[in-house]
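In case you want the letters, here they are:
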Amino acid sequence: MPPVSRLFDFIVIGGGSGGLACARRAASYGAKVALIEGSGRLGGTCVNVGCVPKKVMFNGASIMEAIEDAKHYGISVESRSFDWGALKTARDAYVKRLNGIYENNVIKDNVEYVDGMASFVSSTEVKVNDAVLKASHILIASGGHPVIPKVEGAEYGISSDGFFELEKQPKRVAVVGSGYIGIEIAGIFKALGSDVTVFTRTPHILRHHDSIIGDTMMGEMERMGIRFEHNSSVRGIKKHDGAEFPLELRWATAGSDTEHSGHYDCVLWAVGRAPNTAPLNLAAVPGIRLNKTGHIVADEYQNTGESGVYSLGDVFGKSELTPVAIAAGRRLADRLFGGPRFADSKLDYVNIPTVIFGHPTAGTVGLTEDQARKEYGADNVKVYQTRFTNMYNALTPYKPPTAMKLVVTGPEEKVVGLHLIGRGCDEILQGFGVAIKMGATKRDFDNCV
């Protein structure tokens, strides 16, 4: 029996944050929309194995740190026991509620939710299960997934997805990778009581952020007791069944042929993410191109090389953040279905604030100092920096730093970058982001009391 053919105005592939936002906005204009998701649950990476459950774990870790500080404020806490399983159960129930809320919102907004994997038949047709869906507009918002390195025994490690599947807390953890995902998870593990070692290929961490963030973060993590294996290249994992720490991780250090090893009960790979394109049969759409990282190439309006086919979010690969995908999705729907007043609707990808939920938290918007000097010339860039102790730590014996850097350019000292690290920086960043987006200068900052 031939596949059933169904006609829509708009097909959205991917039920993550960007796809959901775009589908619902399009439906609000009266478009007939199909939303395809193959995982069996809506919300994408952020809701299921990313921002949301990560923030729950971060909050738990932060509470443990606050309990430690409580005694310096005259507060006696009888027990510091922690039940990983109880937190996981509560966290998973919360995520499941969110899945239901998303599904109810889709129904309420008259978006048809299609449970299945999408595969292109042509530039206007997508096959799902036993049906072929047709539309003149198709959005690819299929998200991404963690990369597992091609080393011996890699299957014995877990990814960031696997972090949320852990039923009990590991005692000794190796985190391989020093981008924001690895750094956030390492901090959570340590604050909750695990012994943690971070493996990084260079002398630094958070290399895509300004040095004030990476250097300060690493110093604070070392103070917490997190160890770093710098300039390391992981060779593989060997499993010893029955041992207390069954995973033997092997690595070499740059400049030496000597191989080192350590024993852990959890090895977590945090070496990057890749776009979800494999199941899509993109060969059926000749105009679509992939860049060297495998992301779908699209222009500033999210148009791919094939007319009527669009891409955004993690599969697009530019500023892979949930609020970015949501904003880009809504603007795309506005442009396609909102009428003439939205004809030029698109997301401005410049100066997007980004937060790292490390220990301590950090935030950044705009250019790093190095990027600014490269773009504007070293003589046209000036930097203002400050370090101080948050008053929260007035009574604690250790005084963790709060550090801030303002990067400005030109005689008017226009602010082109702001980098913050320390308690509360995650929550205060957005206000600065608005100012920088509006073209604020150093004088504007100074004029605000």
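Residues numbered from 1 in each chain as written. Predicted model: local features only at pLDDT ≥ 70, side-chain atom pairs only at ≥ 80, totals over all residues. Heavy atoms only, no water.

### With respect to the sheet that holds strand β13 (residues 232–239)
A sheet is described by the order of its strands in space; here three strands give the open sequence β13-β14-β15, paired in antiparallel fashion. Edge strands, defined here as strands with exactly one partner in the open sheet, are β13 and β15 (259–264). On average, each strand axis in the sheet is inclined to that of its neighbour by 25°, with strand direction left out of account. Pairing of strand β14 (residues 247–253) with β15, which is carried by six bridges, proceeds in the antiparallel orientation. Of the residues in β15, the one forming a bridge with L247 is Y264. (Pairing = 2+ DSSP bridges. Helix = DSSP H or I, 4+ residues; strand = E, 2+ residues; numbered from the N terminus. Axes fitted to C-alpha atoms, helices over the stretch in contact; angles between N-to-C directions.)

### Topic: the packing of helix α3 (residues 51–70) against helix α6 (residues 180–191)
Where α3 meets α6, the axes come as close as 9 Å, and the angle between the chain directions of the two elements is 40°. As judged from the angle between their axes, α3 and α6 are oblique. Crossing of α3 over α6 shows left-handed handedness. Together, K54, M57, F58, A61, M64 and E65 of α3 and E184, I188 and A191 of α6 make up the contact between the two elements. Taken together, the residues of the contact of α3 with α6 sort by class into six nonpolar, no polar and three charged. (Parallel < 35°, antiparallel > 145°, perpendicular 65-115°, else oblique. Left-handed = near helix turned anticlockwise from the far one by under 90°. Contact = heavy atoms within 4.5 Å. Nonpolar A, V, L, I, M, F, W, Y, C, P; charged D, E, K, R; others polar.)

### Notes on the sheet that holds strand β11 (residues 195–199)
The strands making up a sheet associate through backbone hydrogen bonding, with each pair oriented either parallel or antiparallel. If you walk across this open sheet you meet the four strands as β12-β11-β10-β16, and the pairing is parallel. Lying at the two open borders of the sheet, with one neighbouring strand each, are β12 (227–229) and β16 (266–269). Each neighbouring strand pair of the sheet contributes to a mean axis angle of 20°, computed without reference to strand direction. For strand β10 (residues 172–176) and β16, the ladder comprises four bridges, and the chain directions are parallel. Within β16, the position partnered with V176 by the bridge is W269.

### Describing helix α10 (residues 425–437)
Its 13 residues place the ends of α10 18 Å apart at the C-alpha level, agreeing with the 18 Å of an ideal helix rising 1.5 Å per residue. A bend of about 25° at G431 is the largest found in α10. Inspection of α10 places C425, D426, L429, G433 and I436 among the buried residues, and these make up the whole buried set. For α10, the secondary structure elements touched by its buried residues are β19 (354–356), β20 (362–366), β22 (401–409), β23 (414–421) and α11 (442–447). The first or second residue beyond α10 is G439, which carries a positive phi of 90°. (Expected span 1.5 Å × (residues − 1). Bend = angle between axes of the 7 residues up to and from the residue. Buried < 20%, exposed > 50% of the residue type's maximum accessible area, 1.4 Å probe, protein only.)

### Quick look at the packing of aromatic side chains
On inspection of all chains with the given rule, the structure shows 13 aromatic pairs. The interplanar angle of 10° and the centroid separation of 5.9 Å between the aromatic rings of W84 and F189 together place this pair among those described as stacked. Taken together, the positions of W84 in helix α4 (residues 84–108) and F189 in helix α6 put the pair 105 residues apart, joining distant regions of the chain. Taking relative accessible area as the criterion, W84 reaches 4% and is therefore assigned buried. F189 sits in the buried class, given a relative accessible area of 0%. Residue placement shows R423 over the ring face of Y392; its charged tip is 3.5 Å from the ring centre. (Phe/Tyr/Trp six-rings, centres within 6.5 Å; stacked < 30°, edge-to-face > 60°. Lys NZ or Arg CZ within 6 Å of the ring centre and 35° of its normal.)

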